[in-house]
Amino acid sequence: KRHAFWETQPVGQFKDVGDSSLREGPIEPPTPLSEVKPEPYNLPSPYEWATCDMESEETCNEVYTLLMNNYVEDDENMFRFNYSKEFLSWALRPPGYFKSWHIGVRAKVSKKLVAFITGIPARIRVRDEVVKMAEINFLCVHKKLRSKRLAPVMIKEVTRRVHLENIWQAAYTAGVVLPTPITTCQYWHRSLNPKKLIDVGFSRLGARMTMSRTVKLYKLPDSPVTPGFRKMELRDVPAVTRLLRNYLSQFVVAPDFDEDDVQHWLLPFESVVDSYLVESPETHEITDFCSFYTLPSSILGNQTYSTLKAAYSYYNVATKTPLLQLMNDALIVAKQKDFDVFNALDVMENESFLKELKFGPGDGQLHYYLYNYRIRNELKPSELGLVLL
Ligand SMILES: CCCCCCCCCCCCCC(=O)CSCCNC(=O)CCNC(=O)[C@H](O)C(C)(C)COP(=O)(O)OP(=O)(O)OC[C@H]1O[C@@H](n2cnc3c(N)ncnc32)[C@H](O)[C@@H]1OP(=O)(O)O
Ligand SMILES: CCOC(=O)c1cnc2ccc(OC)cc2c1SCCC#N
């Protein structure tokens, strides 16, 4: 069978695509908590479940090392994501998080961490419904344990633990096609250090282009051009929350951020997330906002370079400054911070600036999924207001 596991799950099935008789919303009703399986699913005998305490430096380090060696690689095995320990601790401990949703699999004898999957709670709005969901991420099975059907067991276990907290929906992304994407996005890349990207083999010199001509093509001013452009501070949380909630209301699927969420997800955190805003010099009103997160990648099989420093566009709101100018200022500060590349998905209004700011389309796609929630028709990326880490 094509998807032996996913065809058993309450997700949109390929055979249902286009069936307009199916209503939008939950696919299955909640189960009474007394009927949720109280004990963990069975693992193959050499392995055991382990709840990972991400407040523990040692455990954080084990998770970091597992992911550094076994997490997502691009199709050409040129890069592998290398989420930092600080990033993982931040990404997994938002307001209201559950430690029990940070799930590891260890070898019983050696106690070695060999697999991982996580959930964090989030309020996600789908059209007019705000739904409590789990955002599932960092699913990883050690390279030596692949293709043993471990992933379905891990997915069922995180599902069980989410159900125990009376949450029945989830959101997740993947580079692979599963039943059934709610939308499919394209990655775009803006070179900040074109020489390095050419040296590692990601980019190629354009026809009739010299290296110095290419460096000049991607050159940026030394500092942002927008008057009042500054780093976000704690005192800005209420205004940024208002700005962001209003902006995100236009999208079909978007997070329902409150001030605590904004303080966690968008306040600058060194080497993890950067956020800037425009405070009008005249009125002191906060009119615009931009942010990006730091996700390095290991460069596989290159003698000269070991790490790619990549910035990923996060949430951006332009109400007075043109979005093009705001994002160019984001590129300028990312270059100042020595990032090699600035990546963005074609979600929200990003399409309006990608080509003009010299982003090039990537060859990877990112599929978005909802678990136990049917969307009537597939969304356009521009209808999506959700960025998962
Ligand atoms: C109400 C709460 C609900 C919460 C849960 C919601 C759902 C959350 C879902 C998770 C969201 C994660 C989001 C996330 O973390 C972001 S996507 C990143 C996923 N991780 C990686 O790509 C890291 C490198 N790869 C690996 O570690 C392994 O290849 C993994 C572990 C990916 C699969 O391990 P394996 O050794 O290669 O494979 P088997 O164990 O033999 O299992 C094969 C089965 O797994 C299905 N598969 C493969 N990749 C998948 C993926 N990325 N999502 C979902 N399913 C995936 C595959 O279709 C097949 O099922 P099928 O036979 O039906 O086709
Ligand atoms: C230079 C442009 O490519 C990347 O930044 C990059 C870096 N590391 C990865 C690790 C795993 C990986 O697996 C899909 C992709 C990358 C990519 S391209 C897609 C992410 C973006 N933007």
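Quick summary incoming for the structure in this document. (Residues numbered from 1 in each chain as written. Chains lettered and ligands numbered in written order. Predicted model: local features only at pLDDT ≥ 70, side-chain atom pairs only at ≥ 80, totals over all residues. Heavy atoms only, no water.)

Brief notes about empty space enclosed by the protein
As enumerated under the stated definition, the model contains 2 cavities of 30 Å³ or more in all. Its volume calculated, the largest cavity comes out at about 90 Å³. Among the elements of the structure, helix H2 (85–92), strand E4 (113–126) and strand E5 (129–141) are those that each provide at least two residues to the lining of the largest cavity. No other element matches E5, which puts 4 residues into the lining of the largest cavity. (1 Å grid on protein atoms, 1.4 Å probe; cavity = no way out; pocket = protein on both sides within 12 Å on 5 of 7 lines; lining within 4 Å. Points joined across faces, edges and corners; volume = space filled by probe spheres on them. Helix = DSSP H or I, 4+ residues; strand = E, 2+ residues; numbered from the N terminus.)

Let's talk about the site of ligand 2
Near ligand 2, the surroundings consist of 13 residues, among which Glu-73, Tyr-187, His-189, Ser-297 and Asn-343 are the closest. Taking His-189, its side chain carries an N or O atom lying 3.5 Å from a nitrogen atom of ligand 2. Side-chain polar atom of Ser-297 to a nitrogen atom of ligand 2: 2.6 Å apart, as the coordinates give it. For ligand 2, whose free accessible area comes to 490 Å², the fraction covered by protein is 91%. The residue inventory of the shell around ligand 2, partitioned by class, reads 8 nonpolar, 3 polar and 2 charged. (Near = heavy atom within 4 Å. Polar contact = N/O pair within 3.5 Å; in protein donor to acceptor, adjacent residues only side chain to side chain. Areas by Shrake-Rupley, 256 points an atom, 1.4 Å probe, with all protein chains shown as cover. Nonpolar A, V, L, I, M, F, W, Y, C, P; charged D, E, K, R; others polar.)

Some words on the sheet that holds strand E12 (residues 297–299)
Across the sheet, 3 strands lie side by side as E2-E12-E13; this open sheet has antiparallel pairing. With partners counted over all chains shown, the strands left at the sheet margins are strand E2 (79–81) and strand E13 (307–308), one partner each. Here 2 bridges tie E12 to E13, and the two strands are oriented antiparallel to one another. Residue pairing for E13: Ser-298 is matched across the bridge by Thr-307. Running over the sheet, helix H1 (residues 57–70) touches E2 and E12 and is turned about 155° from E2. (Pairing = 2+ DSSP bridges. Contact = heavy atoms within 4.5 Å. Axes fitted to C-alpha atoms, helices over the stretch in contact; angles between N-to-C directions.)

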